[in-house]
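Per-entry structural report
Chain by chain, the residues run as shown.
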Amino acid sequence: MPRPTDSSSLPNALPQTVATQVPLRRLQRSMDARHLVMIALGGVIGSGLFLSSGYTINQAGPLGAIVAYLIGAFVVYLVMSCLGELAVAYPVSGAFHIYAARAISPATGFTTAWLYWLCWVVALGSEFTAAGILMQRWFPGVEVWVWCLVFAGILFTLNAISARVFGETEFWFSLIKVVAIVALIVLGGAAIFGFTPLSSEHPGAVLFSNFSTPDGLFPTGIAGVLMTSLAVFYAFSGSELIGVAAGETKDPARNIPKALRSTVLRLLVLFVGSITVIAAILPYEQAGLTSSPFVDVFEYVGVPFAGDIMNFVIITALLSAGNSGLFSCARMLFSLAEEGHAPRAFTKLTSRGIPIVALSVSMAVGLVSLVSSVIAAETVYLVLVSIAGFAVVAVWMSIVAAQFFHRRAFVRGGGDVKTLAYRTPFYPVVPILAFVLLGVSIVAIAFDPNQVAALYFGIPFVVACYVFFWWRYGRRGAAARATLDEEAPQAPVTEGRR
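Below, the structure is looked at part by part. For clarity, every value in this text was computed on a predicted model and none was experimentally measured.

In this model, helix 12 (residues 306-338) (33 residues) spans 48 Å end to end at C-alpha, consistent with the 48 Å of a helix rising 1.5 Å per residue. Among the 33 residues that make up helix 12, 30 are buried, leaving the element largely enclosed by the rest of the structure. Phi turns positive, to about 85°, at Gly-340, one or two residues after helix 12.

In structure tokens form, the structure reads like this:
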């Protein structure tokens, strides 16, 4: 079988089994690998790194925090390795839904899509609110809700114009954050060895003396590292957005694997590098307790107006994450509707290929989430946030499980693994190891009082999705949309894992 060479032939180049038959989509393929990388970085690098990284160091100790982020980066690598094979095999928008529906079961795809959609919808409200609060540093007389509406309007417009405009905007949004992190690593790294040309005080070299604490290298023990690892998993969420954007990517066989490799490498360097610098310069007992550790480090090395610069960077980070989240929400609803598992209206596209109804509904629900955070913080909003936190790990588990069953069905259907444009290495070790590690993190949540609510509400939500699906659509799901399949050759569907 010839190796796929272009995006138009890719979806139907594989043997047409239940695991690979995917209808061609009508969204426009207008994004390059650089857009994919920055979309992923935009979803990952948010206020968590800029504001909460000091808290992570405080909880796990300097070396413990670095180990926790290395564990997180390793899990991201495993998940991204699985995602690569699936995203190239299924280069469609809202692809998490397609992966799970085709390779595991329609009910699993349905549940995965609603989990992920809810995850980002809830995030929209919190991103707008946080950005509005930060704007009051410069405009104390303007109410937060005004900024929320302004930012919502800006992001909606950017998403509504075209996928290319969204991708280009996200590229520059993310570039601002990356520049700030690189500046911290370079200037902070030099300060560790006593080189601080911008500072009037010129502090001496601290080297890595902060790593040796009175309580040893791991002052909070291994338990502190493991519990911090759970939070780090959530900190890396957003890297999977490459899969969501697969349907609007030029030449998926080349650009998706390239973007995945670049994303994992850059996340490793940016996150671990910045955590190492912060841990070396700031005593772990004080890190991040009163301000952003980035502000503390920039002030230490003598950067002028450090507070204002980081305020701008953090607002950009929040809007960037919201931009990626809104894109993801719209594509997930579009994908669900194409499968017949959401109202048909969500498939309506503009002349530039934007699912405008899905985009509008996602924004509206995001604003409702924002309102609930004010008037029902201890009830409705608590439930939404808990399910959203649970969704991150659950979606990653569905990705690695889908890759495992996809490869198995592909081989059983007569496919030659060597012909795959991208294949997960060390199969089946990678998907199995990733699934086990993610499963352990789910179990460990039960022992963390701050995160246990994710299980209380997340598991019942998953069960409810399965029950509703089987009640509404039956075991096999809704009938395929004829209009979606007219461009794709038909193949008999085998029972597989249905």
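Additional details are given in the paragraphs that follow.
When a protein is soluble and globular, its nonpolar side chains tend to lie buried together. By size, the foremost hydrophobic cluster in this structure holds 144 residues, and its most contacted members are Ile-45, Phe-50, Phe-128, Phe-236, Phe-294 and Ile-399. Once residues within four sequence positions are removed from consideration, Ile-399 is found in contact with Val-79, Cys-82, Leu-83, Leu-86, Phe-96 and Glu-240.

Positionally, Thr-263 belongs in helix 10 (residues 252-281). What makes Thr-263 buried here is its relative accessible area of 0%. In this view, Thr-263 contacts Val-37, Ala-40 and Ile-242; residues no more than four positions away in its chain are not counted.

Once that is clear, we can look at unusual backbone geometry. Pro-428 follows Tyr-427 through a cis peptide bond whose omega is 5°. Relative to the assigned elements, Pro-428 resides in the loop between helix 14 (380-412) and helix 15 (429-445). Here the phi dihedral of Phe-305 falls at roughly 55°; this positive angle occurs in a residue that is not glycine. The topology assignment puts Phe-305 in the loop between helix 11 (293-301) and helix 12. Look at Phe-305 and you get exposed, because its relative accessible area is 65%.

This part takes up the side chain of Thr-196. Inspection of the secondary structure puts Thr-196 in the loop between helix 7 (163-192) and helix 8 (221-235). For Thr-196, a relative accessible area of 4% corresponds to the buried category. Among residues more than four places away in sequence, those in contact with Thr-196 are Ala-191, His-202, Pro-203 and Val-301.

Here we take up the packing of helix 12 against helix 13 (residues 356-375). Remark: helix 12 packs on helix 13, axes separated minimally by 8 Å, with the N-to-C direction vectors making an angle of 125°. Classed by the angle they form, the pair helix 12 and helix 13 counts as oblique. In the packing of helix 12 onto helix 13, the handedness of the crossing is right-handed. On helix 13, the residues that touch Leu-326, Cys-329, Ala-330, Leu-333 and Phe-334 of helix 12 are Ala-358, Leu-359, Val-361, Ser-362 and Met-363. Taken together, the residues that form the contact of helix 12 with helix 13 break down as 9 nonpolar, 1 polar and no charged.

Attention shifts here to the pattern of salt bridges. Across all of its chains, the model carries 3 salt bridges by this definition. Salt-bridge contacts for Arg-102 lead to Glu-339; the nearest nitrogen and oxygen are separated by 3.0 Å. Of this pair, Arg-102 sits in helix 4 (residues 95-103) while Glu-339 sits in the loop between helix 12 and helix 13, placing them 237 residues apart in sequence. Neither Arg-102 nor Glu-339 differs from the other in exposure class; each is buried. Here Asp-308 makes a salt bridge to Arg-137, at a shortest N to O gap of 2.8 Å. In this pair, Asp-308 sits in helix 12 while Arg-137 sits in the loop between helix 5 (106-135) and helix 6 (144-161), placing the two residues 171 residues apart along the sequence. For Asp-308, a relative accessible area of 29% translates into the label partly exposed. By relative accessible area, Arg-137 is classed as partly exposed at 49%.

Rules of the game
- Numbering of residues starts from 1 in each chain and follows the order in which that chain's sequence is written.
- Note on the predicted model: pLDDT of at least 70 is required for a residue's local features to be given, and 80 or more for side-chain atom pairs to be given and counted; whole-chain, interface and lining totals, by contrast, use all residues.
- Here the side-chain values reflect all heavy atoms present in the structure, with hydrogen atoms and water set aside.
- Counting from the N terminus, the helices are DSSP H or I runs at least four residues long and the strands are E runs at least two residues long.
- Multiplying 1.5 Å by the residue count of a helix minus one yields the expected span of that helix.
- Per-residue accessibility, obtained with a 1.4 Å probe over protein chains only, is compared with the maximum for each type, and a residue is labelled buried under 20%, exposed over 50%, and partly exposed between these values.
- Put simply, a nonpolar core is a bunch of buried Ala, Val, Leu, Ile, Met, Phe, Trp, Tyr and Cys residues held in one set by side-chain atoms that sit within 4.5 Å of each other.
- Residue contacts follow a heavy-atom distance rule, with two residues in contact if any of their heavy atoms lie within 4.5 Å.
- Orientation is described by axes fitted as lines to C-alpha atoms, over the contacting stretch for helices, and by angles from 0 to 180 degrees between their N-to-C directions.
- The cut-offs work like this: below 35 degrees is roughly parallel, past 145 is roughly antiparallel, 65 to 115 is roughly perpendicular, and the gaps in between are oblique.
- Helix crossings fall into two classes, left-handed where the near helix is turned counterclockwise from the far one by less than a right angle and right-handed where it is turned clockwise.
- For this classification, Asp, Glu, Lys and Arg are treated as charged, while Ala, Val, Leu, Ile, Met, Phe, Trp, Tyr, Cys and Pro are nonpolar and the rest, including Gly, are polar.
- Here a salt bridge means any side-chain nitrogen of Lys or Arg lying within 4 Å of a carboxyl oxygen belonging to Asp or Glu.

Remember that the coordinates give geometry; whether it matters functionally is a separate question.
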